[in-house]
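# Fold and geometry: a report
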Amino acid sequence: MAFGNSGLGLYHVLGVASCVALVYFSLGEMGIHPFSFSLSLPSVPGSSSSYAAPTASFVERRGARLFLDGHPFYVNGWNSYWLMDQAVEMGTRHRVSRMFRDAAEMGLTVCRTWAFNDGAYNALQLAPGHFDERVFKALDRVVAEAGRHGVRLILSLANNLEAFGGKTQYVRWAWEEGVGLSASNDSFFFDPAIRDYFKVYLKTLLTRKNHLTGVEYRNDPTILAWELMNEPRCTTDPSGDTLQRWIEEMAAYVKSIDHKHLLTVGSEGFYGPTSPKRRKTVNPGDWHNDYGMDFIRNFNVSDIDFGSIHIYPDKWLQDAKLDEKVKFVTQWITAHVEDAEKELGKPLLTTEFGVSHMAKGFDHSHRDLLYRAVFDTVYESAKRRGAGAGAFVWQLAVERMEEYLDDFAVVPSEKPLLHRLIKAQSCRLAKLAHGKGGDARRTLSACAGLS
Ligand SMILES: *[C@@H]1O[C@H](CO)[C@@H](O)[C@H](O)[C@H]1NC(C)=O
Ligand SMILES: *[C@@H]1O[C@H](CO)[C@@H](O)[C@H](O)[C@H]1NC(C)=O
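From a predicted model like this one, the values you see are computed outputs, not experimental measurements.

## Focus: the pairing of strand 4 (residues 75-79)
Of all the five residues making up strand 4, five are buried; the element is thus mostly covered by neighbouring parts of the structure. Alternating residues of strand 4 divide into V75, G77 and N79 and N76 and W78, and every residue in both groups is buried. Strand direction decides the pairing type here: strand 4 and strand 13 (residues 388-394), joined by five bridges, are parallel. Paired with W78 across the bridge in strand 13 is V393. Note that strand 4 and strand 5 (residues 110-114) share three bridges and pair parallel. Within the sheet, the bridge partner assigned to N79 lies in strand 5 and is R112.

## Description of the packing of helix 13 (residues 364-383) against helix 14 (residues 416-433)
Orientation of helix 13 relative to helix 14, taken along the N-to-C sense of each, is 0°, at an axis distance of 11 Å. In terms of axis orientation, helix 13 runs roughly parallel to helix 14. Residues R367, D368, Y371, R372, F375, D376, V378, Y379, A382 and K383 of helix 13 lie in contact with helix 14, whose contacting residues are L418, L421, I422, Q425, R428, L429 and L432. Across the contact of helix 13 with helix 14, the residue classes tally to ten nonpolar, one polar and six charged.

## A look at the site of ligand 1
E162, T168, A183 and N185 make up every residue found near ligand 1. In this structure, T168 approaches ligand 1 through a side-chain N or O atom, which is 3.4 Å from an oxygen atom. Across the complex, the protein chains shield 39% of the 360 Å² of accessible surface that ligand 1 would expose by itself. Broken down by class, the residue content of the shell around ligand 1 amounts to one nonpolar, two polar and one charged.

## Considerations on the site of ligand 2
Around ligand 2, a shell composed of I296, N300 and E343 is seen. At 2.3 Å from an oxygen atom of ligand 2 is found a side-chain nitrogen or oxygen belonging to N300. Notes on ligand 2: free accessible area 360 Å², of which the protein chains cover 33%.

## Let's talk about unusual backbone geometry
Cis peptide bonds are those with omega within 30 degrees of zero, and the linkage from W394 to Q395 qualifies with -5°. With respect to the secondary-structure elements, Q395 resides in the loop between strand 13 and helix 14. The residue E231 is not glycine, and still its phi comes out positive at about 55°. Take E231: it is sitting in the loop between strand 9 (223-227) and helix 8 (241-257). What makes E231 buried here is its relative accessible area of 2%.

Rules used throughout
- Residues numbered from 1 in each chain as written.
- Chains lettered and ligands numbered in written order.
- Predicted model: local features only at pLDDT ≥ 70, side-chain atom pairs only at ≥ 80, totals over all residues.
- Heavy atoms only, no water.
- Buried < 20%, exposed > 50% of the residue type's maximum accessible area, 1.4 Å probe, protein only.
- Helix = DSSP H or I, 4+ residues; strand = E, 2+ residues; numbered from the N terminus.
- Pairing = 2+ DSSP bridges.
- Axes fitted to C-alpha atoms, helices over the stretch in contact; angles between N-to-C directions.
- Parallel < 35°, antiparallel > 145°, perpendicular 65-115°, else oblique.
- Contact = heavy atoms within 4.5 Å.
- Nonpolar A, V, L, I, M, F, W, Y, C, P; charged D, E, K, R; others polar.
- Near = heavy atom within 4 Å.
- Polar contact = N/O pair within 3.5 Å; in protein donor to acceptor, adjacent residues only side chain to side chain.
- Areas by Shrake-Rupley, 256 points an atom, 1.4 Å probe, with all protein chains shown as cover.

Without other data, these values stay purely geometric and don't point to any function.
Below is the structure:
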């Protein structure tokens, strides 16, 4: 997400929703979690001292589709960027398991989150190559908790933006150590010293042994995929060559250490110089033409396993009417799915989509409509065995996290209708995905009361 955590509270929404929320919680607290298929076998569910090594299979790619245990794998997913941060302190740790529990109850199966914090508060990387074991243990906990709740993770490895350090912090480190080539934030992509810093972090992370499960990250099936960077941009080289070289180099490096996991780039899907027609007809304007991104070229790199896009109609088409936004959402996904099939031969995940409650004329029904447009497009692709492998809401949280919420955030337990909409998508994707397996029976029985 490119808009930071602006801390726009949702107090007014909380007020309206609190009665409904109370009813919902009392159901939720009964401990009915029909979707938990549990990657691990905890001896005492809920206690923190009992994590077993995960026994699940890795999700794999075959052509333009994802598979798990021989069945097609479709994702209804979500973003909660804050999991590692909240897992550091005893006082906030409970939010992590609560989030996984709430999400698993809606049938959400994959969470995209940050596995980086470079030099910021509660930093994972304190200085180049120096890591805070306390924070690594928090990330271990996030991975172990995800596994326990039957949730897989997309872990993002760096930030284009300054939040949690980002490119800027790496460049600052290089300057402090007297090895930096340039003051430009984009030197992150080309400076040899900084590329080495990043590789040290990659190696440390990929070979990290989880202190709770005993499994190295590179061998852990709880992790669905690595993502090189959240929304990479390189405005100092609009040709795209600099970013492209970085993607090729880092993708090869990740695969040289970890060939088991899927890998993606993390960009928003803007078409670039190699797709002049798409650039003109599909991109939402031309303001990002000089960002150095190039969807087809970037994701055609052989070490990259699937394409990713983001969608923010309220930010990208600020003056558009609702029906224009709905149309854009459908077209944006459809065009990329088509290219994923025909040009790339790889799956496509919509790794962020969000609707702002600050948008002009916002009404809650708008969010439902736009979410529906995303869900329907994903479902239609899945139904015809296309490359559209799923979508991730930006962003979900649990109660009393106002300081972490932006204007796209939703606390699902406070929004029963949205909760139902998300769950319905999980259910119909699950029906398509594992018609016969044991997971399917569990999921489908949980879905029986719905629709
Ligand atoms: C690098 O990025 C930061 C944060 O966005 C910004 O404040 C700074 O001015 C940038 N530096 C350069 C040299 O552009
Ligand atoms: C993708 O890469 C392959 C080589 O790996 C190349 O033959 C093909 O033309 C590329 N496709 C596009 C659309 O760039």
